Structure formats: C-alpha cells, structure tokens
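An overview of the molecular structure
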Amino acid sequence: MVVDVAVIGSGFGGLGAAIRLKETGVTNVAIFERASDLGGTWRDNIYPGCRCDVASNLYSFSFAPNPAWTNTYSYQPEIWRYLQNVADQFHLRELIRYDHDVLDVSFDGPSKTWRLTTSQGDYYARCVILATGGLAEPRLPDIAGLSLFQGPIMHTAQWNDAIDLRDQRVGVIGTGASAIQTVPQIAPLVRTLEVFQRTPSWILPHLGRPVIERTKQIFTTLPFSQRLVRAWGYWRRELMVLGFVKDPSRLTKAETMSRDHLERQIKDESLRGRLTPRYRLGCKRVLISNDFYPAFNRDNVTLVTEGIESIEAKGVRTVDGELHEFDVLIAATGFYVTDNPMATQVHGAKGEELADAFLGDLANYKGTTFPDFPNFFMLGGPNTALGHSSIIFMLESQLNYVTKAVRVALDDNALIEPKAHIAARWTHELQAKLPGTVWDTGCSSWYLNDAGLNTTIWPDFTFKFRSATRHFNPRDHQISTSKESEVS
Ligand code: NAP
C-alpha cells in the first residue's frame, strides 16, 4: 500500500508531525511504531525517579498546554499520560500501526516513493518523516565480560519491574542524567549500592515542586497565564546560550553554585573531591538534583571511582584488582546517539546511508533534509538537540518547514530535496560556530561522534532556529515534478 506520509515513531516528534499534517489537510498518514503502545522515550524510560529536567510548561506542545501538570518538573508517568491524552485529543490512535518495527527505509527510484520494510511487511510512502528520536537505542557499556555476569543486567531505558531490588546487592554503572535520578530512589530499597563513576557530572539544585490547585485553576481559566509562565521559562533558558556558545567563561557562576550545592550536601572532603567535575560546566549535559549527592551519605551506598576492568560472573572487577560482587547490575550508560543504528537503515536515492550525516560526511539542510533524500524529513536531525532548553520547541520549529514542504510535494506531485550546495553551506556554517563553544572545551560526551565532531547540538539561540525553519524556501530546494522537470 502507498500512503502520502509515513511517520516513523510515535513519541513527541511523530505525534507532533501527525497533528501538524492534519492541520494542513494531510490525512493519508501512517505512523509506524515498533512497540505496542505510543510514547517513545517517555513510554520506555520507566526506571524509578525518571523525570524531565525541563519545566513541564515548556516541555509540552505549544498547541496542547496542560493546565493540570502536578509538578513544575514532570515525572515520566505524567508525561507519558500527556502524550496519550494528546493522541486522543487529536484523534491520532487510528493512524498508528503498532508492532511495526521499521527495518529499512529506502528510496525506490522507479516508483519515486519510499519503501519501508517493516517486521509486518512492506509499505510505500510518498514522503517520510523519521521521528525515532536521538535517545531511543540503549547503549550497554562496552566492557569485557558483560555477558558473563550471572545475575540480571538492566539498562535504565529497559527497566524490568519484575526484578525485585529489595535487599539485593546492586551495582549502577554511570553517573549521567538517568543514574542521578534512579540512584536516590533505589538506595533505600537495596542492601548495598555501588555506583561506578567514570566522570563526575555538574549538578545544580533542582527547583521542581508540586503545583498547587489554585495555579491549575488559574491556568485553566486564564490560559494566557500559563503561556506567560512558559515564555518566562523559555527566555530564562535562552540566556544560557550566552555562556554555552558565546563565552564559556560566563559559566563560572553556575560552577560555583554547583560546587556550593555539593559542599552543602557532602561533608566528607575526599568524597566531595571525587564528585567534583574537572571540566567546564555545560560540556556534558548539566544535571539537576537535590537527592543524588545525599544518597552517598547513606551507609549502604558507595561511590566507586576506580576504573572498571571487566565484568565477571559474580560482579565487576576494577583496575585495582578488587571484585565488587552483585546480585543485579544496572547500566545507566546512555544511548547510541551519533551512531544510532536507525540511521544505518535509511538509504537515499543513490544508496547513501543517513548515518553519514552524523559522521559529517553527508550535508544536511536545517537539520531536517538531505541532498539525494527526496521527500525525506528527519525530526531531531543533525545539530538540532539542545543542552539548555526544550527539544519540543525544536521539533515544532522543524515541523513548520516540514509540513509546508510536504504540502508542496503532495500538491505538485513533486520530489523535494535541498540543493547540494545550499545544504553544504548550511552544514559548513553551523560547524564553523562550534569551535569555542562549551562543547569544545575538552570532555567526552554523547554530543560528539567518535571523531570528536559535534553533530548533535544546535549552537545558537533556539529562536534563530525557529526563524530559519519558519518557511519552506523553494529556492533552496531542487523540486522535480513527476515529469522530472526541475521547476526551481
Ligand atoms: P549519559 O548521559 O550518556 O550517561 C552515561 C553514563 O554512563 C556516564 O556517566 C558515562 O560516563 C557512563 N558510562 C558509559 N559507558 C561506560 C563504561 N563503559 N564504563 C563506565 N561508565 C560508563 O546517559 P543517560 O544518563 O541515560 O542520559 C542520556 C541523555 O538522556 C541525557 O543527557 C538527557 O538528554 C536524556 N535524559 C534526560 C533526562 C531528563 O531529565 N530529561 C533523564 C534521563 C536522560 P562518562 O561520562 O565518563 O562517559
């Protein structure tokens, strides 16, 4: 079967795309979802304590505010429920094909459509919107002997509630965003908890708090008030760009705030030293938490900073020769981002892999389209992720461009792709902004690919991205009609 638009993924990006397409009158849309429910990362990450570190009012669609958020920074169950409600409100459920794992997406020259090979057969689409997200493929640590461990190993993004942690000896590998949320939650349950830290994170105080009923009533009766709070949060976050991008020395104040936070919460000087980051704040994602550091003041929790040498049947051996024995191992070790396997499954008109865009070998236009990938759009594409604000703002920006381009492609029966030299210029100019930013100050992070190239972060104010993606500019594109005549 041929659909007008195949959307791959039913998280914020995929649902947002379907809503915006409907708005522009495009209804022959199929959303392919590999799982049996919608929600993407907010369906999958059910580890205890999972929460968004962007404020609820900003971490939601601008066109679907939720006056009922119960916390200023929402926990996973509420965000997932929000997505379910959005799907109902905009009648999206009937568009979703659950349990359809998309295995390959290739441009089919003869039919001038995209062929989607799925776990449930082939589909064809005139346009494809890839909305599988950057944080979708859990990465287990590349440590020798991982498979030898005799107990369960759980990645935070593949949490298994059936594994009872009560009174168990548990090891957590990693101290990033997922670890700092789950460690304080599981610490009181387990017998012992050892947290393996390779690099300490910068952690700032968490300002989240429950939302009182009065506020919810005001948001409900005066929707403008919630928009104001959202705008206030948005602009405060934009100020961080001044430090991250323009002048990292401005981050000294935030570093002092983080060190003070650590000092208030950890009295043991040696422990504090081991938890103190030695790189510029912002180089890795800045974290917020009030309960991660205090977890180490518990008698049953230990911070391990010796490097991991290997994993054995009984536990983790560190480079000092010690064997740390566990019943359960938790890998809070992040995701395949610049090397997301999904990108190796997408092939353009000349057979190129989308993955090349994250290696720096394939130019992109506005992080969304690629030469020789006609009528193909990627949400959360190269250099559209953020270290300081809401990804939903970026997705909505991309959708302004995408929906307009899709409309032209369908109305004119055209194939649209960015002109090669325009995409090359966009990519070059974007990369030229990265030297001197905080992400370039010498740390390893998931923002960088193996060659050290930053192909994930948008290095500027987000309103500039909004402005760049506001319109579909035909002059920047090669537009071929069915007669194969280039019209622009
Ligand atoms: P992450 O930030 O990539 O952290 C992975 C952690 O595992 C790091 O501490 C890393 O150490 C460590 N690690 C990886 N491989 C290791 C190995 N072989 N040996 C020892 N340690 C190893 O992953 P994450 O915590 O899952 O977070 C990923 C992203 O998801 C976040 O940055 C954020 O964007 C998103 N997230 C957001 C929230 C939220 O509140 N919105 C919550 C969770 C996740 P190194 O630092 O030394 O590499």
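Nothing here was measured: the structure is a model prediction, and the numbers come from that model. Throughout, a residue's number is its position along its own chain's written sequence, starting from 1. Since the coordinates come from a predicted model, pLDDT governs what is reported: local features require at least 70, and pairs of side-chain atoms require 80 or more to be given and counted, while whole-chain, interface and lining totals use all residues. To get the side-chain values, all heavy atoms of the structure are used, and hydrogens and water are removed first.

Looking only at helices and strands, the chain features 14 helices and 20 strands. In summary, the chain has a C-alpha radius of gyration of 23 Å against a globular reference of 23 Å for 488 residues, a match within 12%. For the chain, the spread of C-alpha atoms along the three principal axes comes to 75 × 55 × 45 Å. Type-normalised accessible area, obtained with a 1.4 Å probe on protein chains alone, sets the label of each residue: buried when under 20%, exposed when over 50%, and partly exposed for intermediate values. Sorting the 488 residues of the chain into buried and exposed places 56% on the buried side. We call two residues in contact when some of their heavy atoms are within 4.5 Å. When contacts within the chain are restricted to residue pairs at least 6 apart in sequence, long-range pairs at least 24 apart make up 71% of them. For the accessible areas, the method is Shrake-Rupley and the probe is 1.4 Å, while residue cover comes only from the protein chains on display. A total of about 20,800 Å² of accessible surface is found on the chain, and carbon and sulfur atoms cover 52% of it. Charge assignment: positive for Lys and Arg, negative for Asp and Glu; neither His nor the chain ends contribute. Charge coordinates come from a single atom per side chain, which is NZ of Lys, CZ of Arg, CG of Asp or CD of Glu. Looking at charge distribution, the chain has the averaged site of its 50 positive side-chain charges lying 8 Å from that of its 54 negative ones. Think of it this way: any DSSP run of H or I at least four residues long counts as a helix, any run of E at least two long counts as a strand, and we number them from the N terminus. The atom set for the radius of gyration is the C-alpha atoms, and the globule formula is 2.2 Å times the number of residues raised to the power 0.38.

To be near a molecule or strand, a residue needs just one of its heavy atoms within 4 Å of it. Lining the immediate environment of the ligand, one finds 23 residues, of which Arg 51, Ala 177, Ser 178, Thr 199 and Lys 284 sit closest. Any pair of N or O atoms that falls within 3.5 Å is considered a polar contact. Within protein, one atom must be able to donate a hydrogen and the other to accept it, and sequence-neighbouring residues count only if both atoms are side-chain atoms. A distance of 2.6 Å is found between an oxygen atom of the ligand and a side-chain nitrogen or oxygen belonging to Ser 178. At 3.4 Å from an oxygen atom of the ligand is found a main-chain nitrogen or oxygen belonging to Gly 334. Taken by itself the ligand offers 910 Å² of open surface, and the protein chains cover 86% of this. Residue contributions to the shell around the ligand peak at 3 residues, all from helix 4 (residues 177-186).

Moving on, we get to a negative patch on the surface. Patches here: salt-bridge-free residues with over 30% relative accessible area, like charges joined within 9 Å, nonpolar side chains (Val, Leu, Ile, Met, Phe, Trp, Tyr) joined within 5 Å. We count a salt bridge whenever a side-chain nitrogen from Lys or Arg sits within 4 Å of a carboxyl oxygen from Asp or Glu. On the surface, Asp 260, Glu 263, Asp 268 and Glu 269 cluster together into a patch of negative charge. The class of Asp 260 is partly exposed, set by a relative accessible area of 36%.

Within a sheet, each strand pairs with its neighbour through backbone hydrogen bonds, oriented either parallel or antiparallel. We call two strands paired when DSSP finds no fewer than two bridges between them. Read across the open sheet, the 3 strands follow the order 13-14-15; overall the sheet is antiparallel. Here the strands that pair on one side only, and so sit at the sheet edges, are strand 13 (308-312) and strand 15 (323-325). Across the sheet, the mean angle from the axis of one strand to that of its neighbour is 25°, orientation sign disregarded. Between the N-to-C directions of two axes lies an angle of 0 to 180 degrees, each axis being a line fitted to C-alpha atoms and, for a helix, fitted only over the stretch in contact.

As far as domains go, the chain holds domain 1 (2-38 + 92-137 + 336-481) and domain 2 (146-201 + 239-331). The split of the chain into domains comes from an automatic or database domain assignment. Distance between the C-alpha centres of domain 1 and domain 2: 33 Å. Taken together, the contact pairs 16 residues of domain 1 with 15 residues of domain 2. Two parts placed together each lose some accessible area under a 1.4 Å probe, and adding up what both lose gives the buried area. Carbon and sulfur atoms supply 66% of the area that domain 1 and domain 2 bury against each other, a total of about 1,400 Å² over both sides. Connecting domain 1 to domain 2 are 1 salt bridge. One salt bridge in this structure joins Lys 246 and Asp 460, with 3.6 Å as the shortest N-O distance. Joining domain 1 to domain 2, the criterion identifies 3 residue pairs in polar contact (both at pLDDT 80 or more). Taken together, the residues that form the side of domain 1 that touches domain 2 break down as 7 nonpolar, 8 polar and 1 charged. Residue polarity follows a fixed list, in which Ala, Val, Leu, Ile, Met, Phe, Trp, Tyr, Cys and Pro are nonpolar, Asp, Glu, Lys and Arg are charged, and the others, Gly among them, are polar.

The phi dihedral of Lys 112 falls on the positive side, at around 55°, and the residue is not glycine. One can find Lys 112 in the loop between strand 4 (102-108) and strand 5 (113-118). Of note in this structure, Asn 383 is not a glycine but carries a positive phi near 55°. Structurally, Asn 383 is set in the loop between strand 18 (376-378) and helix 12 (391-411).

This paragraph deals with the nonpolar core. In terms of nonpolar packing, the biggest core is built from 109 residues, with Val 5, Phe 12, Leu 165 and Leu 193 touching the most fellow members. In terms of residue count, the dominant contributor to this core is helix 12 (11 residues). Beyond its immediate chain neighbours, meaning those up to four positions away, Leu 165 contacts Met 154, Trp 159, Val 170, Ile 186, Leu 189, Val 190, Val 328 and Ile 330. Grouped together as the second largest cluster of nonpolar side chains are 27 residues, Val 102, Ala 343, Ala 355 and Phe 373 included. Here, nonpolar core means buried Ala, Val, Leu, Ile, Met, Phe, Trp, Tyr and Cys residues that are tied together by side-chain atoms lying within 4.5 Å of each other.

Attention now goes to the environment of Lys 464. Mapping Lys 464 onto the fold places it in helix 14 (residues 462-468). We classify Lys 464 as partly exposed; its relative accessible area is 39%. On a C-alpha basis, the gap between Lys 464 and Ser 397 in space is 10.0 Å, while along the polypeptide they are 67 residues apart.

The subject of this paragraph is the sheet that holds strand 9 (residues 192-196). Ordered by their spatial adjacency, 5 strands build an open sheet running 7-16-8-9-12, and the pairing between neighbours is parallel. Both outer strands of the open sheet, strand 7 (153-155) and strand 12 (301-304), are each paired with one neighbouring strand and no more. Adjacent strand axes in the sheet meet at a mean angle of 20°, parallel and antiparallel pairs treated alike. Summarising the sheet, strand 8 (residues 169-173) and strand 9 pair through 5 bridges and their orientation is parallel. Looking at the pairing, Ile 173 lines up with Phe 196 of strand 9.

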